[in-house]
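One letter stands for each residue in the lines below.
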Amino acid sequence: SAYNGDARVTNSGAITTVGNYSTAIEADTSGTGNVVISNTAALRTSGANSEGIDAYSQNGNVQITGTGTIVTTGAGSRGIDASTNAGSISVTSGSITTSGGGSAGVFANGGGNVSVTNTGSVVTTGSTSRGIVARSAERPAGDECSSRWTRGQKKDDIAAFGPGNASVTAGA
């Protein structure tokens with residue numbers, strides 16, 4: 001956690017957490033700092049509201065690059081949760097699996113441009129869960145997607161919406 005400074009995390013070791021609100025990797029900054037996370041290892045969480053990766057910047061940018069597999073099993077547990085009030089978001093992820101209700105593979109919500117690229121599979125099996133959500137508040141939304149797989153009740157596979165620039169590229 002930082003104030004007006006950057007928060008950077010580089011991880012190459014497997015992380016497993018057990019219990020509610022037990023996020024594997026979390027980085028946040030207040031003010032204008034940026035959040036940069038690089039993860040090449042397996043992340044696994046088992047508890048409600050336990051993200052694989054959670055990144056937040058109040059007014060800076062958020063960049064997440066992950067090639068490791070992410071698995072969450074608790075309700076409301078997102079594989080990747082990236083948000084900023086005013087900055088841009090860039091997420092590149094590998095394979096993500098969530099099984100708790102109300103979860104998402106990737107949830108990216110920003111005030112600027114939002115881009116999500118998934119190079120693996122995204123599998124969500126809990127009710128009211130989503131595969132990938134990219135939301136921007138800046139300009140008209142665009143949506144590019146080629147593949148996705150979700151199963152359950154009332155789920156959006158991939159959603160990209162604005163009024164800002166939001167894009168999703170998915171493939172596996």
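Cut-offs used in this document
Residues numbered from 1 in each chain as written. Predicted model: local features only at pLDDT ≥ 70, side-chain atom pairs only at ≥ 80, totals over all residues. Heavy atoms only, no water. Phe/Tyr/Trp six-rings, centres within 6.5 Å; stacked < 30°, edge-to-face > 60°. Lys NZ or Arg CZ within 6 Å of the ring centre and 35° of its normal. Buried < 20%, exposed > 50% of the residue type's maximum accessible area, 1.4 Å probe, protein only. Helix = DSSP H or I, 4+ residues; strand = E, 2+ residues; numbered from the N terminus. Pairing = 2+ DSSP bridges. Polar contact = N/O pair within 3.5 Å; in protein donor to acceptor, adjacent residues only side chain to side chain. Contact = heavy atoms within 4.5 Å. Salt bridge = Lys/Arg side-chain N within 4 Å of Asp/Glu carboxyl O.

A separate point is the packing of aromatic side chains. This structure, assessed with the given rule, holds 0 aromatic pairs. The ring centre of phenylalanine 107 lies 3.9 Å from the NZ or CZ of arginine 78, which sits over that ring.

Another point: the pairing of strand S7 (residues 53–57). When you tally the buried positions in S7, you get 4 out of 5 residues, the bulk of the element. Strand direction decides the pairing type here: S7 and strand S10 (residues 80–84), joined by 5 bridges, are parallel. Within S10, the position partnered with aspartate 54 by the bridge is aspartate 81.

The next subject is the side chain of threonine 84. The residue threonine 84 is located in strand S10 in this model. At 2.9 Å, the side chain of threonine 84 and the backbone oxygen of serine 57 are in polar contact. Engagement of the side chain of threonine 84 in a polar contact is seen with the backbone oxygen of glycine 60, the distance being 2.7 Å. Residues in contact with threonine 84, not counting those within four places in the same chain, are Ser57, Gln58, Asn59, Gly60, Val62, Ile89, Asn109, Gly110 and Gly111.

Residue tyrosine 21 is not a glycine yet carries a positive backbone phi of 60°. Within the secondary structure, tyrosine 21 sits in the loop between strand S3 (15–18) and strand S4 (25–30). The backbone phi angle of threonine 128 is positive, close to 55°, even though this residue is not glycine. Counting through the fold element by element, threonine 128 comes out in the loop between strand S15 (122–124) and strand S16 (130–136).

Glancing now at the pattern of salt bridges. Taken as a whole, this structure holds 2 salt bridges when the rule is applied. As a salt-bridge pair, arginine 78 and aspartate 81 come within 2.9 Å of each other at their nearest N and O atoms. A relative accessible area of 23% means that arginine 78 is categorised as partly exposed.

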